[in-house]
Amino acid sequence: MLTYATRRLILSIPTLIFISFIIFMLLQLAPGDPMAQVPLTVPDEVKQKMREALGLGEPPLVQYWKWLVQVFWIEPKVFIDWLFGTQLAWHWEAPTFTPTDSLLASMQEAGRVREVNGEMQLWVPEQRNISWQTRSPVMDIIIQRIPQTLKVVGVAYIVAILIALPVGIYSAYRQYSVFDQAGTFVTMIGFSIPPFFTGPLLIVIFSVQLGWFPSIYDTTLVVDDWASFKLQLQQMIMPVMVLALQITAQLSRYMRASMLDNLGQDYVRTARAKGLSEAIVVNVHVVRNSMIPVITVIALGIPSIFGGAIITENVFKVNGIGQLLITALFANDLPMVMTLTFIFAVLIVLFNLIADILYGVLDPRIRYD
Amino acid sequence: MLDDTTDTAATGAAEAQVPIARIDKLRVEFQTKDGTVVGVEDISFEINPGETVCVVGESGSGKSVSSLSLMRLIEYGGGDIAGGKMLFDRREGGVMDLATADQSVMRHIRGNEIGMIFQEPMTALNPVFTVGRQLTEGLRVHRGMSKAQAEARALELLREVRIPEPERRLKQYPHELSGGMRQRVVIAMALACKPRLLIADEPTTALDVTIQAEILALMDRLKRETGTAVMFITHDMAVVAQMADRVVVMFRGKKVEEGTVEEIFENPKHAYTKALLAAVPKLGEMTGKDLPEPMRLVGRTDQNLDPIKGSDEVLLRVENLVTRFPVKGGFFRRTVANVHATEDVSFTLNKGRTLSLVGESGCGKSTAGRSLLRLVEPLSGKIDLDGTDIMALSQSGLRDARREMQMIFQDPFASLNPQLQLADQVAEPLVNYGIGSGSEIQDKVANLFDRVELPRSFMRRYPHELSGGQRQRIAIARALALNPKLIVADEAVSALDVSVQAQVVNLMMELQAELGLGYVFISHDMAVVERVSHTVGVMYLGRIVELGPRRAVFEDPQHPYTKALMKAVPIADPRRRKAEKDLNFKPIPSPIHPVGYEAGPSVYEEVSPGHLVLTSDSGY
Amino acid sequence: MTDSPQDDVILAEGPAAIEALKDTGPTKPPRSRGKDVWDQFRKHKGAMFGLGFLVFITLAVLVGPYIYTVDPQKLDIRNKDMRPIYTAIWDSGAKVSWAKPLGSDQLGRDNLAQMLSGGRASMAVGWAAMILSLVIGTAIGVIAGYFKKLDGPLMRLTDLFLSLPILPLLLVAVTLFRQPLRANFGPEGGMFILIVTVIAVTSWMPTARIVRGDILAIKEREFVLAARSIGTSPFKLIRRHLLPNVLSPIMVSAALGLATAIITESALSFLGVGFPSDFPTWGKMLADAVQRMERFPERVMLPGVAISLTVLSVNYLGDGLRDALDPRMRGR
Amino acid sequence: ERGADGEVRIIYWQAPSILNPFLSGGTKDVEASSMIIEPLARYDETGTLVPWLATEIPTVENGGVSEDLTQITWKIKPDIVWSDGTPFTSADVKFTYEYCTHPEGGCAQLTKFEGVSSVETPDDLTVVVTFGEATPVPYGPFVGGESPILQKAQFENCVGAAASTCTEQNFNPIGTGAFVVDEFKPNDVITLSANPNYRDPAKPAFATMTFKGGGDAAAAGTAVMETGEFDYAWNLQLAPDVIAEMEEGGKGVAVAGFGPLLERVMINNTNPDPALGPDERSVIRPHPFLGDPAVYKAMSMAIDRPLLVEVGYGQAGKVTCSWVPAPEAFAYQNEDCGTQDIEGAKALLDEAGIVDTDGDGVREKDGVPLSILYQTSTNAVRQDFQALIKEWWEQIGMEVELRNVDSSVFFGGDAGSPDTFQKFYADVEMYANTFNGTDPQAYLGNGLCDKAPRPETQWQGENISRFCNEEYDTLWTELTQTADMAKRQEIGRQLSQMAYEKGSMIPLVHRGRLSAHSNSLGGVKLNVWDSELWNVADWYRIKE
Ligand SMILES: Nc1ncnc2c1ncn2[C@@H]1O[C@H](COP(=O)(O)OP(=O)(O)OP(=O)(O)O)[C@@H](O)[C@H]1O
Ligand SMILES: Nc1ncnc2c1ncn2[C@@H]1O[C@H](COP(=O)(O)OP(=O)(O)OP(=O)(O)O)[C@@H](O)[C@H]1O
Ligand SMILES: [Mg+2]
Ligand SMILES: [Mg+2]
Ligand code: NI
């Protein structure tokens, strides 16, 4: 199992690099210009200068290589620095600007100045992958956004799982009962109503008409007491509802199908022949087996937590990863788009692998070597 | 019409007074979309303490339905007990009618007072729980044991069913056990709470002869030791002869005959029972005959029972055939080992004759058969079919060569495409090779249907509408379409009911006599092999350990493995029961060897003309 | 089946007893598989509703514009912001007119006409994208499942496409191909092809995976080996033996694919990267109307409900198909 | 009293991504940062220049501007401190100049410092800006929200190529404004609090501010006017009926202000025929028929501008025919603009002999049908305009094909993309443009012949319509040399008129800026000449 996992992991590296290359070339081909948001009052020469300052003039392959180095080499170092306070992501470099005397003095004091062959060098942090929109490291922004996404989409996912599994189990156990039919109907509705329809609808009803929940998600809210917790709940309810409806729909269908498959199996009869109660037969023997495919479906759905909720995030102004991607896209912030799509790709590949491994863990019949 | 419980059980009849279970006019119905289907129409019989009652009958006759009804599990399968009584003598509390019992009461009876063993050992166990857990579950529910107590008892049970290394087994998952071991676990599970009645629904059908023999011996011993009454369901008459005290014969939902085992075998009354017994090939029937001859079926008068001579012309010569499957592993998915599926196999087959390959599951029979057609690529060796060197052919040459040799597969349900009409399936080889125009093909297909005795009205039907035997005939028709010289029949009759099996076997022999076909007949059923073969090869671990004329091999087995195999075959004669002590099997060693392992050549000693016995190491 | 009269003959003892051993053939007249499937399908109420609604909506968008011949793009600024005729029931002062049965938008375009032509676009995109993605998915799935050597690369390719972001892809496609496509198919036709292709290209992966899995399983069935042994060529093997047997998962993915394609197109329109402005689709109508949701709820509800109902019926259809195509459910 | 009114909540539907206007130039970023860092002087809501960190506006009269118009001397108010408590000095001003003009910095506000030859600091409170040549309007550097002063101490190591590595500085600039940044989440939200060192001890009235970004204009409008979640929403580009409906929510009101923003249709003066190939397309003059005065005049006459205003902008739009619609004094007045005259347009075309010769309903000029491609960026109002105008033009016998391009592509200057507004691979295109401050000189320069985008300039240049008129060029040169205000206004009006009458563009709507504030927010003075948030220090909560 371990070799299997490592082998898959290592094999996925070239795949990922290839994917990143394709995405990069795709984005290169894409039209659009990060300067599109700069007002027309700024003349073209100035925009050209700004582009050059962003490194846009360089050949694509050079840009790609820089991106690779920044993401795979410098960012991990920055991360380690942040963890342990080391200075791995720093290096000596001839100054790119003329430091003022006071600055020089303070740097000298910190031991950040040296002389090599008569040339002055400074101890400075390495160039990280910088977002064109914000001029700040892409990773920092992404890390800042992840909690928002996780909170809303993650809660929606958990809520959905908690609802979907019992519904699926019961619908399958009582196939074609009223509960099953109703469940099918509701899940179908959940499947069918797009979030860009439900979202605004909910806002009009609950925010505008009833005034119960805020229409705009407050990402600065800090939950530290009961009141703020209530606020957090209020602002989360609508986006969570919209998202959970869809996920529930999907998962409960899977669970039901998987349960139906297993209920007809011979071992169920064996369990009954042992005189076990129905509750144990269904909830232990059948559910345990039925969960195997469903767990992998759940695992495969996790990458979409990070990107799939774009429209819902947009509608409710939950400024999470999805919203980040779409604004970056419209602003042509290539480093951001590139890094985000690449992260999604990593997640997809990774969770594919995790799903496979989970399958092996849950199902003793499957052993990878 | 039946006699009552007079002199029933020859063994352990001392305490046989009150029947432990009495089924009275049981009727079970299923509601399906085509209306009500009757699973069991009218069944009455009883089981006395310490007695083994065998229920026999063809597939679909209602054997499983009656046993499931007794457990009241039939409701979960959509069935409904529409009438009749099932009186059960509870340990305490006297006799009660299970047909009307509450499910909560049933829950107490199931597993506790009635144990059940199911047919399919793999699917009957929950794949995700350990053996130990599944064994202890019932104990903890019914006996209120603690975990440790239950485990101790489970261990004891595993010992009782003679599983090697029982401690280790408890922690293993079902798939880690072999089929035989799994079936023992199922038996241990059924016996866990010391039930008074044990229902065994075809407990050995899916197993190899050797393992079957062991399991049967085991059940017999357990019954004798604990005095449990057994209701044993099977369609295998030989097993009945080995196990039963009394026999109930079922036919299409009804009981047609009941009696002691000797009565049934020696003096069957009902026509169906007679026909059934006639259709069962019995090992030893051919003793003294050199050539195979078709079976005599009751009620058929038009049969040609002449022995099949075949010719002396060599059709197929196989020399030193080796086929291995790579086992990938390690970090780089390199081949780390090989499954030595067939190892240095050589034989010759003459035109119009049958060569049988027998042996236990996994010994490489199918691989050998497939290698002949190069459906799996052999590693080395020589295959010469009527002058064509099969091994040397290119893919297109191979395609042409396959006109000369065809294959029939084991599973009649899997070997036909469910989506195609039968006529199209039979016509497919003709179309593939561009033989004949559209109407010629139609004629030819119609003729083939006649040949295999299927009505032409079946031509436009789909496989699912046919019974197993009919499907197998379609497969035969398809194989015959190209007029091949050689047919490889891989367990072609193993999945069929005895009665149907007899017909298909006869059909194949008939065709052989008429068309001069050569068969490579692969089977693990020694009785059938005895009936059809000219030559027999016994395989063990990829090698042929004994090869020779059928008579020589069957009447004078030389290799120890052949001897053991012969002993394990149950004989359809209640007076020739086997004793447990005769049985002595070693588990088959693994055919997997690391890369680089070089298997030695097969060296044979010719004990009599054409009768070769392996003298080099076979692993046995 | 046990009650046929000949049983009694058999049970009565007689010389014809061997007949008892003869296996019983089918007694019912031959039925085609299609009829069986249809019978089972008919029992699924949801699926029947789905089919009915789908037929209705398809007919409406296909034939509707010939019956209701108002030009959806016709501006009629004097009659802007009309309410649907039914609002008159509770609001006698509402601005309604029989000339505009479902009212008009802020530029006086007829809502009914827009619904019809928008539906036409949405359905066309849905069908075309679904078929295209199905073809790609099935082809890749079959090839990956059948040819062991191609399995790895093709599955990595699937990973790649799974990680492709649809929006940039669409923008790239628009830049690269709009000019030539526009020259050949006109501005709307060109955009249609682009959107359909992009949706298809980003949605075939689940189909491919399912088909591959099924092919891998079916490949192990004996009839495939049998087909090989009677000299069937690989191509024919795929066409005659493998494809028909993966038809049911394909049909189900088709139904789901249609639903996703319709939603994806609407979402793209909602995000403003879909069709040109003068080419209404349900998604765009919905996006445009969201701002005026309170005053003119019908403008949101009409396309919203149309999308939802269509997708709902397609999903139900898929559900029914799954049941009907599953032989176990058919009670065989 | 400072901090007495608690929290104020602002929503911008475009989220600020950086708080350093020199690195972005985006309006959202400029305005967000204007609460933190400030210029020496800025425009008030009437467009008048008012001193901010300076003591007075330097003019020739008060001696602040030299007679030869090459030097301007700013006096800084004494005792101004940065929010970190250090004094604000002229060195910071000079540093700002150096920061922006560094060749590798990619400063977005470079034009502000155009023509500046040096910035001197004779003492801590005096800044002398010297221009290379006479500059009649020397109020570019350090004036308005685009050109605030950065703290030297903070940005010292962020000059040139290092500019983008200074994330901390760009996100939390130290300023002199009413608020200081507590936390900046790029593209999301900014939390601010009152600057403890703000020069007016009584201001700002609010202790904290939440500045939310993102979403769409409709949601922002709803949040202020309907649900009351926010106090101020910026730039609500929404249809008038939508705004009206939101106001019915009763929680807030919309306010409009008019700057020089003009929605117009640009007329391509070159031939955009695709057959010409990428390097000749939209380069070779003339256009087959759009150069004909009869044609572009008829097109202009066919447009019902009041209806456009009503449909698209309501109170945030006005009918105009001037290329420079504001300030008032620069605007060319033309009464005809307000009335649609389809018949007149038809007559004009008939007269010019441009008639439908082949009976397909489309007029031909010299055999070339009046068939045009009309492009614009993707935007709901623009699409409505396109539909309406298409209709009118078709009524006068033209054939119109519409196209809309995603705005990030349309306005992005990617030389490789055929869809940018600069390439203008279409016959007419519609967008809006404006200028900063109150002086249109640079903006009027967009009509100069040599500013036309061409392959040689990598398709860069502001003269989108490729208008080329010698007379115009001479007149503009004259403008650059005129210091007298009345004279400048006169020339400006003439240039505007020329652009209109000689077929550079068809003005559609003078667009205002529409923002909304809640009923309880006092002190809002919508300023279109500078940042909308120019006077946040004066905002307060209205007590019921
Ligand atoms: N769940 C069910 N629904 C409908 N009919 C059923 C069902 N189970 C069994 N039957 C019918 O009941 C009859 C008896 O079936 P049963 O399983 O008892 O046969 P069997 O004798 O055990 O056969 P086999 O040897 O194949 O196990 C058959 O005709 C079968 O079609
Ligand atoms: N495709 C394959 N890949 C790897 N190993 C295989 C393959 N096919 C068969 N084997 C292995 O080769 C050995 C011989 O298998 P084979 O199917 O020939 O046995 P058999 O005698 O036909 O058994 P059975 O009676 O169960 O059909 C077994 O150990 C089996 O696991
Ligand atoms: Mg059975
Ligand atoms: Mg086999
Ligand atoms: Ni009797």
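Residues numbered from 1 in each chain as written. Chains lettered and ligands numbered in written order. Predicted model: local features only at pLDDT ≥ 70, side-chain atom pairs only at ≥ 80, totals over all residues. Heavy atoms only, no water.

1. Some remarks on helix α6 (residues 178–192) of chain A
The end-to-end C-alpha distance of α6(A) is 21 Å, a good match for the 21 Å that 15 residues give at a rise of 1.5 Å each. Listed as buried for α6(A) are D180(A), G183(A), T184(A), T187(A), M188(A), G190(A) and S192(A). Elements in contact with the buried residues of α6(A): α5 (138–173) and α8 (226–263) of chain A together with α10 (247–271) and α12 (297–325) of chain C. (Helix = DSSP H or I, 4+ residues; strand = E, 2+ residues; numbered from the N terminus. Expected span 1.5 Å × (residues − 1). Buried < 20%, exposed > 50% of the residue type's maximum accessible area, 1.4 Å probe, protein only. Contact = heavy atoms within 4.5 Å.)

2. Focus: the site of ligand 1
Residue and element names in this part refer to chain B. What surrounds ligand 1 is a group of 13 residues, the closest being S59, G60, K63, S64 and V65. Note that an oxygen atom of ligand 1 is positioned 2.7 Å from one of the backbone N or O atoms of G60. Here K63 contributes a backbone N or O atom positioned 2.9 Å from an oxygen atom of ligand 1. Considered on its own, ligand 1 offers 630 Å² of accessible surface; in the complex 67% of this is hidden by protein. Of all the elements in the fold, those that place two or more residues in the shell around ligand 1 are β1 (21–32) and α1 (63–71). The class makeup of the residues in the shell around ligand 1 is two nonpolar, eight polar and three charged. (Near = heavy atom within 4 Å. Polar contact = N/O pair within 3.5 Å; in protein donor to acceptor, adjacent residues only side chain to side chain. Areas by Shrake-Rupley, 256 points an atom, 1.4 Å probe, with all protein chains shown as cover. Nonpolar A, V, L, I, M, F, W, Y, C, P; charged D, E, K, R; others polar.)

3. Some thoughts on the pattern of salt bridges
In the structure shown here, the tally under the stated rule is 69 salt bridges over all chains. Of the charged contacts in the structure, one is a salt bridge between D89(B) and R196(B), with a shortest N-O distance of 3.7 Å. Placement of D89(B) in strand β4 (residues 79–89) and of R196(B) in the loop between α7 (179–191) and β7 (197–201) is noted, with a sequence separation of 107 residues between them. For R196(B), a relative accessible area of 22% translates into the label partly exposed. One salt bridge connects E456(D) with R454(D), and the closest N-O pair in it is separated by 3.2 Å. We classify E456(D) as exposed; its relative accessible area is 56%. Members of the salt-bridge network, linked through shared partners, are E313(B), K351(B), D386(B), E404(B) and K485(B). (Salt bridge = Lys/Arg side-chain N within 4 Å of Asp/Glu carboxyl O.)

4. Considerations on the packing of helix α11 (residues 282–289) of chain C against α12(C)
All names here are of chain C. As a packed pair, α11 and α12 sit with axes 8 Å apart at the nearest point and diverge in direction by 145°. The two elements α11 and α12 cross, and the hand of that crossing is left-handed. Mapping the contact onto sequence places W282, G283, M285, L286 and A289 in α11 and R299, V300, P303, G304, A306, I307 and T310 in α12. Tallied by class, the residues present in the contact of α11 with α12 amount to eight nonpolar, three polar and one charged. (Axes fitted to C-alpha atoms, helices over the stretch in contact; angles between N-to-C directions. Left-handed = near helix turned anticlockwise from the far one by under 90°.)

5. Some details on the confidence of the model for chain B
Of all residues in chain B, 95% have pLDDT values of 70 or greater, and the mean over the chain is 84. Across residues 1–16 of chain B the pLDDT falls below 50, and counting only partners more than four positions away or on other chains, this stretch makes 19 contacts in the model. (pLDDT = per-residue confidence, 0-100.)

6. Some remarks on the state of the cysteines
Residue and element names in this part refer to chain D. In total, this model carries four disulfides over all chains according to the counting rule given. Bridging C449 to C468, the disulfide has an S-S length of 1.4 Å. Judged by the sign of its S-S torsion, about -55°, the cystine formed by C449 and C468 is left-handed. On the criterion of sequence distance, the pair formed by C449 in the loop between α13 (441–444) and α14 (470–480) and C468 in the loop between α13 and α14 is long-range, its members being 19 residues apart. Counting its disulfide-bonded cysteines in sequence order, chain D shows a connectivity of 1-2, 3-4, 5-6, 7-8. (Disulfide = S-S within 2.5 Å.)

7. Digging into the sheet that holds strand β21 (residues 592–594) of chain B
All names here are of chain B. Strand order in the open sheet formed by five strands is β15-β14-β11-β12-β21, with antiparallel pairing between adjacent strands. Because the sheet does not close on itself, it has two edges, and the strands there are β15 (388–389) and β21. Sheet topology places strand β11 (residues 314–329) next to strand β14 (residues 380–385); five bridges connect them, and they run antiparallel. In the sheet register, V322 faces β14, and the bridge partner there is S380. Contacts between helix α12 (residues 365–372) and the sheet are confined to β11, β12 (334–350) and β14, with β11 contributing the most and set at about 115° to the helix. (Pairing = 2+ DSSP bridges.)

8. Let's talk about the UniProt feature "domain: ABC transporter" (unreviewed entry) in chain B
Residues annotated in UniProt with the feature "domain: ABC transporter" (unreviewed entry) correspond here to residues 21–277 and 316–566 of chain B. Taken as a whole, residues 316–566 of chain B contains 36% helix and 28% strand, while its terminal C-alpha atoms sit 27 Å from one another. (UniProt positions renumbered as here; feature names shortened; annotations may be inferred.)

9. Digging into the confidence of the model for chain D
Residues and elements named next belong to chain D. Counting all residues, the mean pLDDT for chain D is 87, and 100% of those residues have values of 70 or more. The spread of mean pLDDT over the elements of chain D runs between helix α12 (residues 407–410), the lowest at 77, and strand β10 (residues 232–233), the highest at 92. With pTM at 0.83, the complex prediction returns an ipTM value of 0.81.

10. Looking at the site of ligand 2
Residue and element names in this part refer to chain B. As a structural note, the neighbourhood of ligand 2 is formed by 13 residues, with S361, G362, K365, S366 and T367 the closest of them. In the environment of ligand 2, an oxygen atom lies 3.3 Å from a nitrogen or oxygen atom belonging to the backbone of C363. With respect to ligand 2, the side chain of T367 contributes an N or O atom lying 2.4 Å from an oxygen atom. Out of a free accessible area of 630 Å², ligand 2 has 61% covered by protein chains. Of all the secondary-structure elements, those providing two or more residues to the shell around ligand 2 are β12 and α12. The greatest single-element share of the shell around ligand 2, amounting to three residues, is contributed by α12. Of the residues in the shell around ligand 2, the class split is five nonpolar, five polar and three charged.

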